[in-house]
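Spelled out, the chains give:
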Amino acid sequence: MEDSALPRPVSGVGVVLTRDDGRVAIGHRVTAGETPSWSFPGGHLEGGETPVGAALRELAEETGVVGTAGRLFAVCVRTGGSGVTFAVHVEAPAGAELVVTEPHAVDAWRWAGPDALPEPLFAHTAAVRHAWRAPGVALPGWDLHPVRGTQG
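Looking at an unreviewed UniProt entry, the protein chain carries the name NUDIX domain-containing protein, with the source organism given as Pseudonocardia nematodicida. Reading the Cofactor (unreviewed entry) entry of the UniProt record for the protein chain gives the comment "Mg(2+)". Per UniProt, the comment on the protein chain under Sequence similarities (unreviewed entry) is "Belongs to the Nudix hydrolase family."

Listed below in structure tokens is the structure:
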């Protein structure tokens, strides 16, 4: 029996796009109805997509950067609500430039040091960054599960 009071689970991806110098892509979220925050590229999986496939699609749609491969490195489960975020690492192609393609959702992209990201961070981005930078360390409100191996 389905309980209509429970929120519908959402599966999303958070993309850690890194340059050769170690800096990561971060965007200023301005989605209507949300408090502005900073976020990695990402979004929801569409039917039949793998997490890496969704990450590469969302990356291109949101930033104009076309990645050729990605690696799933963690699954982040939000315990205080509904949702799973698949954390995917993508290496930026040489000379990649970030472009605002969806100004209603993100009004600016920049490259930043992974340990000096602007605040406030979007909750899912904070979880993905934590899973990446502090693997094995608990994060309140989240179950973080590292993924071993590669997936392309």
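That shown, we press on.
Asker: Account for the overall build of the protein chain, with residues named and values stated.
Answerer: The helix and strand tally for the protein chain stands at 2 helices and 8 strands. Starting at the N terminus, the α and β elements of the protein chain follow one another as β-β-β-β-α-β-β-β-α-β. Taken against the 2.2 N^0.38 rule, which gives 15 Å for 152 residues, the C-alpha radius of gyration of the protein chain at 15 Å falls within 12% of a compact globule. Expressed as lengths along the three principal axes of its C-alpha atoms, the size of the protein chain is roughly 50 × 35 × 30 Å. The average position of the 11 basic charges and that of the 17 acidic charges among the side chains of the protein chain differ by 6 Å.

Asker: Give a detailed account of helix 2 (residues 123–133), specifying residues and quantitative values.
Answerer: Among all positions of helix 2, only His124, Thr125, Ala127, Val128, Arg129, His130 and Ala131 are buried. On its buried face, helix 2 sits against strand 1 (11–18), strand 2 (24–29), strand 3 (37–39), strand 5 (71–78), strand 6 (84–91) and strand 8 (142–146).

Asker: Can you explain the pattern of salt bridges? Please cite residues and give values.
Answerer: Across all of its chains, the model carries 7 salt bridges by this definition. Taking the shortest distance from any N to any O, the salt bridge between Glu34 and Arg29 comes out at 2.7 Å. By relative accessible area, which is 35% here, Glu34 ends up partly exposed. The closest approach of N and O atoms between Glu61 and Arg57, which form a salt bridge, is 3.1 Å. Here the residue Glu61 and the residue Arg57 both occupy positions in helix 1 (residues 51–63), the gap between them amounting to 4 residues, near one helical turn. Of the residues examined, Arg57 reaches a relative accessible area of 17% and is grouped as buried. Three or more residues are tied together by salt bridges with common partners; here these are Glu46, Glu49, Arg57, Glu58 and Glu61.

Asker: Give me the lowdown on the environment of His89, citing residues and values where you can.
Answerer: As for its position among the elements, His89 is in strand 6. Overall, His89 belongs to the buried group, its relative accessible area being 17%. Linking His89 and Gly70, residues 19 residues apart in sequence, is a C-alpha distance of 5.5 Å. Non-local contacts of His89, meaning those with residues more than four positions away in its chain, are made with Val16, Thr18, Ala69, Gly70, Arg71 and Phe73.

The rules behind each value
- Residues numbered from 1 in each chain as written.
- Predicted model: local features only at pLDDT ≥ 70, side-chain atom pairs only at ≥ 80, totals over all residues.
- Heavy atoms only, no water.
- UniProt positions renumbered as here; feature names shortened; annotations may be inferred.
- Helix = DSSP H or I, 4+ residues; strand = E, 2+ residues; numbered from the N terminus.
- Rg over C-alpha atoms; globule rule 2.2 N^0.38 Å.
- Lys, Arg positive; Asp, Glu negative; His and termini not counted.
- Charge placed at Lys NZ, Arg CZ, Asp CG, Glu CD.
- Buried < 20%, exposed > 50% of the residue type's maximum accessible area, 1.4 Å probe, protein only.
- Contact = heavy atoms within 4.5 Å.
- Salt bridge = Lys/Arg side-chain N within 4 Å of Asp/Glu carboxyl O.

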